[in-house]
Amino acid sequence: MSQVQRVALVTGAARGIGRAIAVALAKPGLTIYINDVANWDEAAYTCSLVEANGAQAHLLPFDVTHSPSVEQAFAQIADDPGRLDILVNNAGITRDNLIARMKEEQWEQVLAVNLKGAFNCIRAAVRLMLKQRYGRIINISSVVAVMGNAGQVNYAASKAGLIGLTKSVARELASRHITVNAVAPGFITTEMTENLPEKTKAELLAQIPLHRFGTPEEVAQAVAFLASDHAAYITGQVLHVNGGMLMP
Ligand code: NAP
């Protein structure tokens, strides 16, 4: 594989953890597709950071929930460069509410982006990876998938679903040298968490042995490891990056 230009796709890479993942993966010899649904300026900035690290970057806008758009985007990759080595399913949203007040729409939106979005991308990516007999798929789950979290039944269910998806696809694809793993971040400082009330942040910090929130870069390094050849014998696993908040 050393002569081949490798290709990666990171969904939801306009900001936060997705951007940090794209930057951590970036190195000469790698082409990275930067996906986002609407945030073009920020996604373009991610591309510039990736290029500064010596990789090639291309914007690939699509909505992970919309299967025809996903199929179209992957058809573009299949056409040229004709391969995909690394897929990181990072796109995710929250629509928090207590179960009694949760609207059906909040449930459906979160499941659509966080779980169906990953399914759509994996199904499309696998066609290329099977032909290559090589691939790395990394799904971004969450500590709440395992712990549960009041006010996040939709989000926790979607992230727990991702773990089942990860393990099942890992079993299906192992014989083709395609590894499938999940990274489960704890509380990480991004736009997703910055609007939490101060009281909630203080309560969360009290549960974290390392007594701080993580950084997007710390999650990204775990993803970069699983995407690397050093992780060739790791599949179907959940790598927790949570400051000790959960020790499963
Ligand atoms: P973020 O700052 O809100 O970024 C999420 C990214 O996903 C954005 O770029 C967003 O695009 C994109 N996105 C949303 N819906 C999409 C869709 N339908 N199609 C394509 N892209 C879409 O979130 P983050 O904190 O970096 O989180 C990244 C991942 O880590 C998520 O899966 C999240 O659940 C997970 N996670 C985060 C934490 C945390 O503490 N932050 C903890 C555990 C797990 P736009 O910019 O266009 O909206």
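Everything below is about the structure shown above.
Bear in mind that the values here come from a model prediction, so they are computed numbers and not experimental data.

Colleague: I would appreciate a short explanation of the site of the ligand in the present structure.
Modeller: If you check the shell around the ligand, you find 30 residues, and the closest are Ile17, Asp36, Asn90, Tyr155 and Thr190. In this structure, Asn39 approaches the ligand through a side-chain N or O atom, which is 3.1 Å from an oxygen atom. A distance of 2.8 Å separates an oxygen atom of the ligand from a polar side-chain atom of Lys159. Contact with the protein chains removes 93% of the 900 Å² of surface that the ligand exposes when unbound. Here the shell around the ligand is composed, by residue class, of 15 nonpolar, 11 polar and 4 charged.

Colleague: How should the packing of helix 1 (residues 16-25) against helix 9 (residues 216-227) be read in this particular structure?
Modeller: Between two packed helices, both the angle of their axes relative to each other and the distance between the axes serve to describe the pair. Where helix 1 contacts helix 9, the two axes come as close as 8 Å, and the packing angle between them is 50 degrees. Between helix 1 and helix 9, the angle is such that the two are oblique. Taken as a pair, helix 1 and helix 9 cross one another with a handedness that is right-handed. Residue-level inspection shows Gly16, Ile17, Ala20, Ile21, Ala24 and Leu25 of helix 1 in contact with helix 9, the latter providing Pro216, Glu217, Val219, Ala220, Gln221, Val223, Ala224 and Ala227. Tallied by class, the residues present in the contact of helix 1 with helix 9 amount to 11 nonpolar, 2 polar and 1 charged.

Colleague: I'm lost on the sheet that holds strand 7 (residues 238-241) in this one. Help?
Modeller: Two pairing modes exist for strands in a sheet, parallel and antiparallel, and in both the strands are linked by backbone hydrogen bonds. Taken in spatial order, the 7 strands line up as 3-2-1-4-5-6-7 in an open sheet, and their pairing is parallel. Two strands in the sheet have a free side with no partner beyond their single neighbour: strand 3 (56-59) and strand 7. With strand direction ignored, the average angle separating the axes of adjacent strands in the sheet is 20 degrees. Alignment of strand 1 (residues 6-10) against strand 4 (residues 86-89), held across 3 bridges, turns out to be parallel. Across the sheet, Val10 pairs through a bridge with Val88, a residue of strand 4. Contacting strand 4, strand 5 (135-140) and strand 6 (178-185), helix 4 (residues 104-132) runs over the sheet at an angle of about 175 degrees to strand 4.

About the thresholds
- Residues numbered from 1 in each chain as written.
- Predicted model: local features only at pLDDT ≥ 70, side-chain atom pairs only at ≥ 80, totals over all residues.
- Heavy atoms only, no water.
- Near = heavy atom within 4 Å.
- Polar contact = N/O pair within 3.5 Å; in protein donor to acceptor, adjacent residues only side chain to side chain.
- Areas by Shrake-Rupley, 256 points an atom, 1.4 Å probe, with all protein chains shown as cover.
- Nonpolar A, V, L, I, M, F, W, Y, C, P; charged D, E, K, R; others polar.
- Axes fitted to C-alpha atoms, helices over the stretch in contact; angles between N-to-C directions.
- Helix = DSSP H or I, 4+ residues; strand = E, 2+ residues; numbered from the N terminus.
- Parallel < 35°, antiparallel > 145°, perpendicular 65-115°, else oblique.
- Left-handed = near helix turned anticlockwise from the far one by under 90°.
- Contact = heavy atoms within 4.5 Å.
- Pairing = 2+ DSSP bridges.

These results come straight from atomic positions and should not be treated as a statement about function.
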